[in-house]
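Here are the chains, one letter per residue:
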Amino acid sequence: MFVVGLTGDVGAGKTTVASMLSQLGAQYISADRIVSELWQDEDILKAAKDRWGTRVFSDGGTPLPERISEIIFEDEGEYKWLCNLLHPRVREQMEAKVLFGSGLIVAEIPLLFENGVPWWVDFTVYVTSPMEERIKRNSERGWDELELTRREKWLMPQEIKLKASDWVIANDRRLDELRVEVKKLMVFLKKISCCIEGFFTCGSFEEAERIAKKLLEKNLVACTNIVDVESRYLWLGNLESETEYLVVFKSIESLFPEIERVVRDEHSYDLPVVTAQRMKKASIDVRKWIMEECGS
Ligand SMILES: CC(C)(COP(=O)(O)OP(=O)(O)OC[C@H]1O[C@@H](n2cnc3c(N)ncnc32)[C@H](O)[C@@H]1O)[C@@H](O)C(=O)NCCC(=O)NCCS
Ligand SMILES: Nc1ncnc2c1ncn2[C@@H]1O[C@H](COP(=O)(O)OP(=O)(O)OP(=O)(O)O)[C@@H](O)[C@H]1O
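Computed from a prediction, not measured in an experiment: that's the story for all the values here.

K.L.:
Where do I start with the overall build of the protein in this structure?
P.N.:
Helices and strands together make up the secondary structure of the protein, namely 12 helices and 9 strands. The C-alpha atoms of the protein give a radius of gyration of 26 Å, which is well past the 19 Å a tight globule of 296 residues would have. If one aligns the C-alpha atoms of the protein with their principal axes, the spans along those axes are about 80 × 40 × 30 Å. Buried positions account for 44% of the 296 residues belonging to the protein. One way to put it: in the protein the 40 positive side-chain charges average out to a point 4 Å from where the 51 negative ones average out.

Following this line, the structure appears as structure tokens:
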């Protein structure tokens, strides 16, 4: 599982980018969707009614987003009150969806940086778009410049968020051009999410060192560590025991078949056991270093 936290300016194209990533194979979860579901929750409806009365509801008791927006985007106290009511619940639900999900997950979170990037986000993407474009694109939903700036009033300054993001998508051109940018991001995500850590054992330090050097020279691994270990294993039904040398390596998943081939060719054992797992947690800088050293 690798989680992309997707955020951006109001009406800049977050949902559009998320849908494109989803078409390319990612699983998509949306904070806005969870918010709209929470607006059917009895506790939330009661809290809103106690605070604002019936004016934010239709005659049938349905909450009216325009009325709620009028209140919260005009009064910072009301804004904070609603955010404090909804955000912990949104985060809790997102965390559950992410932890029980798998593969590449795109979590669209408008207030990703404002509320602190959650520990389960591995990579952050920021979608930006010039105000003139956003005005044009959002006019159909009845949003003008006033509405866009009103929603952004209490958000963190854009420059800070741009700096803090791992990847920025400038959505200032046509949709087909945006699709090309999203495909580039997907190629990068596929590589960066597939860093592996693996190991194999050798009968002597010299053998371990020689094979590790070969893997490094061929740019198949970014680094190796050699440690002496006491091994107990079954071989043809007998319990064997000996001192071995464990080679730990870091690489990317697509190189595993070649790593295994080199180890087998160079090894003195009939069946050297080479295994690797995807790295669940590693900083983006560490992942980038592994990718660069492995020639990606
Ligand atoms: C105010 C509400 C009722 C307006 O509903 P509406 O259907 O008009 O908008 P929707 O929820 O689809 O959000 C659309 C966009 O508005 C912007 N927006 C929504 N809430 C906020 C907010 N608290 N601060 C800044 N921008 C916001 C985001 O860009 C979002 O993508 C609703 O947005 C809401 O309950 N917001 C508070 C919860 C929240 O902060 N949601 C953001 C994700 S955690
Ligand atoms: N490159 C583009 N060219 C033309 N229209 C676009 C482009 N990108 C997005 N749009 C349109 O702009 C509108 C806003 O996009 P979208 O809903 O993806 O933004 P958003 O950031 O998710 O908005 P919100 O802040 O409400 O969540 C949509 O109608 C979308 O189809």
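K.L.:
Hey, could you run me through the UniProt feature "binding site: ATP" (unreviewed entry) in the protein in this one?
P.N.:
On the UniProt side, "binding site: ATP" (unreviewed entry) is annotated at positions that read Gly-11, Ala-12, Gly-13, Lys-14, Thr-15 and Thr-16 here. Along the chain, Thr-15 turns up in helix H1 (residues 14-23). The exposure class of Thr-15 is partly exposed, given its relative accessible area of 42%. For Thr-15, the contacting residues outside a window of four places in its chain are Tyr-28 and Glu-108. Here Thr-16 shows up in helix H1.

K.L.:
Whenever I open this one, the sheet that holds strand S2 (residues 27-30) confuses me. Can you help?
P.N.:
One key point about sheets: their strands pair by backbone hydrogen bonds, in either a parallel or an antiparallel sense. An order of S2-S3-S1-S4-S5 is seen for the 5 strands of this open sheet, with the pairing classed as parallel. This sheet does not close on itself; its edge strands, each paired only once, are S2 and strand S5 (167-170). On average, each strand axis in the sheet is inclined to that of its neighbour by 25 degrees, with strand direction left out of account. Relative to S2, helix H5 (residues 76-99) is tilted by about 170 degrees, and along the sheet it contacts strand S1 (2-8), S2 and strand S3 (104-108).

K.L.:
Help me understand a nonpolar patch on the surface, please; the structure alone is not making it clear to me.
P.N.:
Residues Met-1, Leu-99, Phe-100 and Trp-119 make up a contiguous nonpolar surface patch of about 500 Å² in total accessible area. Of note, Phe-100 is situated in the loop between H5 and S3.

K.L.:
Would you mind going over the site of ligand 2 with me for this structure?
P.N.:
For ligand 2, the set of nearby residues contains 18 residues, the closest of which are Lys-14, Thr-15, Thr-16, Arg-141 and Arg-173. In the environment of ligand 2, a nitrogen atom lies 2.8 Å from a nitrogen or oxygen atom belonging to the side chain of Asn-171. Taking Arg-173, its main chain carries an N or O atom lying 2.8 Å from a nitrogen atom of ligand 2. Contact with the protein chains covers 76% of the free accessible surface of ligand 2, which is 640 Å². Listing elements by their share of the shell around ligand 2, those giving two or more residues are H1 and helix H6 (131-138).

K.L.:
Help me understand helix H2 (residues 31-38), please; the structure alone is not making it clear to me.
P.N.:
The periodicity of an α-helix, 3.6 residues per turn, causes residues three or four positions apart to be oriented the same way. Here H2 has its buried residues at Ala-31, Ile-34 and Leu-38. End-on view of H2: buried residues confined to an arc of 60 degrees, all on one side of the axis. If you follow the buried residues of H2, they end up packed against S2, helix H3 (42-52), H5 and S3. You can read the cap of H2 off the contacts: a side-chain oxygen lies 3.3 Å from the backbone nitrogen of Asp-32, and it is on Ser-30.

K.L.:
What is the right way to read the sheet that holds strand S6 (residues 195-202) from this model?
P.N.:
Pairing within the open sheet is antiparallel, and its 4 strands lie in the order S7-S8-S6-S9. With one partner strand each, in any of the chains shown, strand S7 (223-235) and strand S9 (275-278) form the two edges of the open sheet. Each adjacent strand pair in this sheet contributes to an overall mean axis angle of 25 degrees, direction not counted. Packing of helix H11 (residues 256-266) onto the sheet brings it into contact with S6, strand S8 (238-252) and S9, and relative to S8 it is tilted by some 140 degrees. Taken strand by strand, helix H12 (residues 284-293) contacts S6, S7 and S8, and its axis lies near 95 degrees from that of S8.

Cut-offs applied
Residues numbered from 1 in each chain as written. Chains lettered and ligands numbered in written order. Predicted model: local features only at pLDDT ≥ 70, side-chain atom pairs only at ≥ 80, totals over all residues. Heavy atoms only, no water. Helix = DSSP H or I, 4+ residues; strand = E, 2+ residues; numbered from the N terminus. Rg over C-alpha atoms; globule rule 2.2 N^0.38 Å. Buried < 20%, exposed > 50% of the residue type's maximum accessible area, 1.4 Å probe, protein only. Lys, Arg positive; Asp, Glu negative; His and termini not counted. Charge placed at Lys NZ, Arg CZ, Asp CG, Glu CD. UniProt positions renumbered as here; feature names shortened; annotations may be inferred. Contact = heavy atoms within 4.5 Å. Pairing = 2+ DSSP bridges. Axes fitted to C-alpha atoms, helices over the stretch in contact; angles between N-to-C directions. Patch = residues over 30% accessible without salt bridge, like charges linked within 9 Å, V, L, I, M, F, W, Y side chains within 5 Å. Areas by Shrake-Rupley, 256 points an atom, 1.4 Å probe, with all protein chains shown as cover. Salt bridge = Lys/Arg side-chain N within 4 Å of Asp/Glu carboxyl O. Near = heavy atom within 4 Å. Polar contact = N/O pair within 3.5 Å; in protein donor to acceptor, adjacent residues only side chain to side chain. Arc of directions from axis to C-beta.

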